[in-house]
Amino acid sequence: MNLQDALADGIRALGLDLAPDVPERLEAFARLLIKWNKVYNLTAIRDETQVLTHHLLDSLSVLPALAGIQRLVDVGSGGGLPGVVLAIARPDLQVDSVETVQKKASFQNQARIELKLPNFRAHHARIENWQPAYAPAAPDGIISRAFADLADFVTLTAHLAGPDTRILAMKGIYPTDEIARIPAGFALEQSIELAVPGLDAERHLLIVKRT
């Protein structure tokens, strides 16, 4: 089975209703990621099958939790995960990716150009110093995938979070200790157990809000 067909099967397994061209566009992103990874070391995963499960389908698994979110900030996404994937899957979603490593931000901007993603922007900056172009309005969501300890993630992005902003942390095993250290003024709103097709590992999405 080729990558595009495997992607389509994974999308069906996740129960997602996406545009017909999404598997083809995600495959193009995967090829780009694998190509650039040889030079820029964007991700430790190089096997095509693992790129599918550990990166593409893992990123897509959070889509149902983004219902109602129109402006999303992706923090420390490296090769554009989940930000680029989510921008491809939801053309109506404005994604701002904030990445501290120049070469990774450059790759993301190259992906934006090659994949024609007007709803995606990559910024080379430290998240604690960054402000979106639409400030003072707050983003609807701030997401990270294995970026940092939950408490650090909340602390570093607190200046961006409005009263209705969801802070979404993609995690593996349910991090009880990290949840106990959520900073004052914030609380866990919801924990969602994610099932990623082909990935035999625990995955959780933690949603934090201001109290």
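A brief look at the structure comes next. (Residues numbered from 1 in each chain as written. Predicted model: local features only at pLDDT ≥ 70, side-chain atom pairs only at ≥ 80, totals over all residues. Heavy atoms only, no water.)

**Topic: helix α5 (residues 102-114)**
To be explicit about the condition: Helix and strand labels come from DSSP, where a helix needs a run of H or I of at least four residues and a strand needs a run of E of at least two; each type is numbered from the N terminus. Every helix has an expected span of 1.5 Å times one less than the residues it contains. The cut-offs for exposure are 20% and 50% of the maximum accessible area for each residue type, with area from a 1.4 Å probe on protein chains only; residues under the lower value are buried, those over the upper are exposed, and the others partly exposed. Working definition: the arc comes from the directions between the helix axis and the C-beta atoms, pointing outward to the latter.
With 13 residues, α5 ought to run about 18 Å at 1.5 Å a step, and its terminal C-alpha atoms sit 18 Å apart, in line with that. Listed as buried for α5 are Lys104, Ala105, Phe107, Gln108 and Ala111. Along the axis of α5, the buried residues cluster in a sector spanning 155°; they form a single face. In the segment just after α5, lysine 116 is the residue with positive phi, at about 55°.

**Thoughts on helix α6 (residues 150-157)**
Going by this rule: Only heavy atoms enter the contact rule, under which two residues are in contact if any of them lie within 4.5 Å.
Within the span of α6, buried status applies to Leu150, Ala151, Phe153, Val154 and Thr157. The buried residues of α6 occupy an angular sector of 165° when projected down its axis, which confines them to one face. Its buried side turned inward, α6 meets β1 (71-75), β4 (141-145), β5 (166-171), α7 (176-180), β6 (186-194) and β7 (203-210).

**Details of the pattern of salt bridges**
Put simply, the rule reads: Each salt bridge in this description consists of a side-chain nitrogen of Lys or Arg and a carboxyl oxygen of Asp or Glu lying within 4 Å of one another.
The tally for this structure, following the rule as stated, stands at eleven salt bridges. Of the charged contacts, one joins arginine 12 and aspartate 9 as a salt bridge, the two residues approaching to 2.2 Å between their closest N and O atoms. Placement of the pair is arginine 12 and aspartate 9 together in helix α1 (residues 3-13), with a separation of three residues, close to one helical turn. Exposure remark for arginine 12: the relative accessible area of 56% places this residue in the exposed category. For aspartate 9, a relative accessible area of 31% puts it in the partly exposed group. Its salt-bridge partner being aspartate 58, residue arginine 145 comes within 2.9 Å of it at the nearest N-O pair.

**Considerations on the packing of aromatic side chains**
Put simply, the rule is: Geometry of aromatic contacts follows a simple scheme: Phe, Tyr and Trp rings, the Trp one being its six-membered ring, pair when their centres are within 6.5 Å, and the pair is stacked under 30 degrees between planes, edge-to-face over 60, tilted otherwise.
Following the criterion strictly, the structure yields two aromatic pairs and no others. A centroid spacing of 6.2 Å and a plane angle of 35° characterise the contact between phenylalanine 29 and phenylalanine 107, whose relative ring orientation is tilted. Of this pair, phenylalanine 29 sits in helix α2 (residues 22-40) while phenylalanine 107 sits in helix α5; the two residues are 78 residues apart in sequence, bridging distant segments of the chain. Its relative accessible area of 0% is what places phenylalanine 29 among the buried residues. Under the relative-accessibility criterion, phenylalanine 107 is labelled buried at 0%. Plain terms: the ring middles of phenylalanine 147 and phenylalanine 153 are 6.0 Å apart, the flat faces sit at 70° to each other, and that makes the pair edge-to-face. Judged by relative accessible area, which is 30%, phenylalanine 147 ranks as partly exposed.

**Quick notes on the sheet that holds β1**
This is how the line gets drawn: Note on pairing: DSSP must find at least two bridges between two strands before they are called paired. To get an axis, a line is fitted to the C-alpha atoms, and for a helix only the part in contact is used. The angle between two axes follows their N-to-C directions and goes from 0 to 180 degrees.
One open sheet holds the seven strands; their spatial order is β3-β2-β1-β4-β5-β7-β6, and the pairing between them is mixed. Every other strand in the sheet has two partners, leaving β3 (120-124) and β6 as the edge strands with one partner each. Going from strand to strand, the sheet's axes swing by 20° on average, the running direction of each strand aside. With respect to the sheet, α5 is in contact with β2 (94-99) and β3, its orientation differing from that of β3 by roughly 160°. Strand contacts of α6: β1, β4, β5, β6 and β7, with the helix running at about 150° to β5, the strand carrying the most contacts.

**Side note on the side chain of lysine 209**
If you trace the backbone, lysine 209 turns up in strand β7. Its relative accessible area of 16% is what places lysine 209 among the buried residues. Beyond its immediate chain neighbours, meaning those up to four positions away, lysine 209 contacts Pro163, Asp164, Thr165, Arg166, Gly185, Phe186, Ala187 and Glu189.

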